Amino acid sequence: MSCTLRPTSLASIGLAFGLLAIVRPAAAVEPLDTFNLRVGGYLNRFDTDLRANGETTSGTDIKLDNDLGLDQGNTIGFVGLNWRPLDHHEFGFSYYNDNVSATRQLQRDITVRDTVYHANSTVRAEYKLDAYEVNYVWWGASHERWALGPRVGLIWYQLKLGLDLKLDTAGNQAGTSASEDVDADLPSPTIGAAWRWTPAKDWRISADLGYFKANINDVDAEVTYGRLGVEWYPWQRVGFLLDYTANKISASVDQSRFNGNVHLRDQGVRVGVAYRF
């Protein structure tokens, strides 16, 4: 599954929400919604370092930006929703993806699985990331102006890195024999807390924190997660959101498709439109 939300699509959705909001004036925003749908842009930064071991060789620790020229700062689309079917129980889901590529002359030897790419050779790299987030909150303390409760979350990252040798160290065209693909699944669970507060009639502030360290699905990982956001609802159903999210995962992976280490920092600012009731 891969679908990047384009600015034109986001603008169309935002316009539709805006038209719906015209017929309803602003109303007092409660700390918790029954349903909340969000779409917008994510001004993100993915800092990724990885090592892909081969069957007989240990891979090189690679910084995707410095070594391969992959600029992981980008503006991408995101979609998310929250549903609270019962007073104290809320479920959430969101999705976003990124895809970058670059051609670069290597400054040092790097080994990916059992293939060695020598310094001064030219490679083309393509990096793709899909992120699926689910979470559950039990709002144990729910009051007129604020709510607080324990939160369990999971962001499932699907990472794909492809390397193709274009020119060897002498500048000659290379064939397809020096190509490698790295494909890894990184579950990123957290246990923490969620908080919502309505300081004014049509404003809401939210915060989520989480941490986890365990071995899941042959992934030994340490994960830290945090988010701080503000929402403004000039209309009863439709408003705007701004938040900052940071997720850091350090993982040792021993799977059939990927063996090695991954250090990923996913952070950035999200701006969007929300529809609530």
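Residues numbered from 1 in each chain as written. Predicted model: local features only at pLDDT ≥ 70, side-chain atom pairs only at ≥ 80, totals over all residues. Heavy atoms only, no water.

### Looking at the overall build of the protein chain
Right, so step 1: Helix and strand counts for the protein chain come out as 1 helix and 14 strands.
Right, so step 2: Within the span of the protein chain, comprising 277 residues, buried residues form 44% of the whole.
Right, so step 3: Sequence-distant contacts, at least 24 apart, represent 69% of the contacts inside the protein chain between residues at least 6 apart.
Right, so step 4: For the protein chain, the exposed area adds up to about 13500 Å²; of that, 56% sits on carbon and sulfur atoms. (Helix = DSSP H or I, 4+ residues; strand = E, 2+ residues; numbered from the N terminus. Buried < 20%, exposed > 50% of the residue type's maximum accessible area, 1.4 Å probe, protein only. Contact = heavy atoms within 4.5 Å. Areas by Shrake-Rupley, 256 points an atom, 1.4 Å probe, with all protein chains shown as cover.)

### Some thoughts on the pairing of strand 14 (residues 259-276)
Right, so step 1: Pairing geometry for strand 1 (residues 35-52) and strand 14, over 17 bridges, is antiparallel. Following the sheet pairing, aspartate 49 is matched in strand 14 by histidine 263.
Right, so step 2: Taken together, the 17 bridges between strand 13 (residues 238-254) and strand 14 define a ladder with antiparallel strand orientation. Directly across from alanine 246, in strand 14, lies its bridge partner glutamine 267.
Right, so step 3: Connecting the antiparallel pair strand 13 and strand 14 is a turn made up of 4 residues. (Pairing = 2+ DSSP bridges.)

### Describing the pairing of strand 13
Right, so step 1: Sheet topology places strand 12 (residues 219-232) next to strand 13; 14 bridges connect them, and they run antiparallel. By the bridge assignment for strand 13, glutamate 231 is matched with leucine 241.
Right, so step 2: Hairpin geometry of strand 12 and strand 13 is characterised by an intervening segment of 5 residues between the two adjacent antiparallel strands.

### Things to note about the packing of aromatic side chains
Right, so step 1: For the structure shown, the criterion picks out 10 aromatic pairs.
Right, so step 2: Aromatic side chains phenylalanine 35 and phenylalanine 277 sit 5.2 Å apart centroid to centroid with 20° between the ring planes, which places their arrangement in the stacked category. Note that phenylalanine 35 is positioned in strand 1 and phenylalanine 277 in the segment after strand 14, a separation of 242 residues in sequence.
Right, so step 3: Residue phenylalanine 277 is classed as partly exposed on the basis of its relative accessible area, which comes to 40%.
Right, so step 4: Among the aromatic side chains, those forming a connected cluster through ring pairs are Trp203, Trp232, Trp235 and Phe240.
Right, so step 5: Positioned above the aromatic ring of phenylalanine 78 is the side chain of arginine 270, whose terminal nitrogen or guanidinium carbon lies 5.0 Å from the ring centre. (Phe/Tyr/Trp six-rings, centres within 6.5 Å; stacked < 30°, edge-to-face > 60°. Lys NZ or Arg CZ within 6 Å of the ring centre and 35° of its normal.)

### Considering the nonpolar core
Right, so step 1: Counting residues in hydrophobic clusters, the biggest one holds 46 residues, and the most contacted among them are Leu68, Leu70, Tyr117, Tyr127, Tyr157 and Leu186.
Right, so step 2: Among the elements that line this core, the one with the most residues is strand 9 (residues 146-167), at 6 residues.
Right, so step 3: What leucine 70 contacts, discounting residues up to four positions off in sequence, is Leu64, Asp65, Val100, Ser101, Ala102, Ala125, Tyr127 and Leu161.
Right, so step 4: Counting residues in hydrophobic clusters, the runner-up holds 5 residues, among them Val137, Trp139, Ala147 and Ala194. (Core = buried A, V, L, I, M, F, W, Y, C linked by side-chain atoms within 4.5 Å.)

### Let's talk about the pattern of salt bridges
Right, so step 1: On inspection of all chains with the given rule, the structure shows 16 salt bridges.
Right, so step 2: Here aspartate 33 makes a salt bridge to arginine 204, at a shortest N to O gap of 2.6 Å. Of this pair, aspartate 33 sits in the loop between helix 1 (7-22) and strand 1 while arginine 204 is found in strand 11 (residues 203-216), placing the two residues 171 residues apart along the sequence.
Right, so step 3: Between aspartate 71 and arginine 45 there is a salt bridge whose closest N-O contact spans 3.4 Å. Residue aspartate 71 is found in the loop between strand 2 (62-63) and strand 3 (73-86), and its partner arginine 45 is found in strand 1; the two are separated by 26 residues along the sequence. (Salt bridge = Lys/Arg side-chain N within 4 Å of Asp/Glu carboxyl O.)

### Thoughts on the side chain of aspartate 202
Right, so step 1: Counting through the fold element by element, aspartate 202 comes out in the loop between strand 10 (179-200) and strand 11.
Right, so step 2: Salt bridges are absent for the buried aspartate 202, whose nearest opposite-charge side chain, lysine 201, sits at 6.5 Å.
Right, so step 3: Of the polar contacts made by the side chain of aspartate 202, one reaches the side chain of tryptophan 203; its length is 3.4 Å.
Right, so step 4: Beyond its immediate chain neighbours, meaning those up to four positions away, aspartate 202 contacts Val29, Glu231, Trp232, Tyr233 and Pro234. (Lys, Arg positive; Asp, Glu negative; His and termini not counted. Polar contact = N/O pair within 3.5 Å; in protein donor to acceptor, adjacent residues only side chain to side chain.)

### Quick notes on the side chain of threonine 111
Right, so step 1: Summarising the element assignment, threonine 111 is placed in strand 5 (residues 110-112).
Right, so step 2: By relative accessible area, which is 12% here, threonine 111 ends up buried.
Right, so step 3: What threonine 111 contacts, discounting residues up to four positions off in sequence, is Ala52, Thr57, Ser58, Gly59, Thr60 and Val116.

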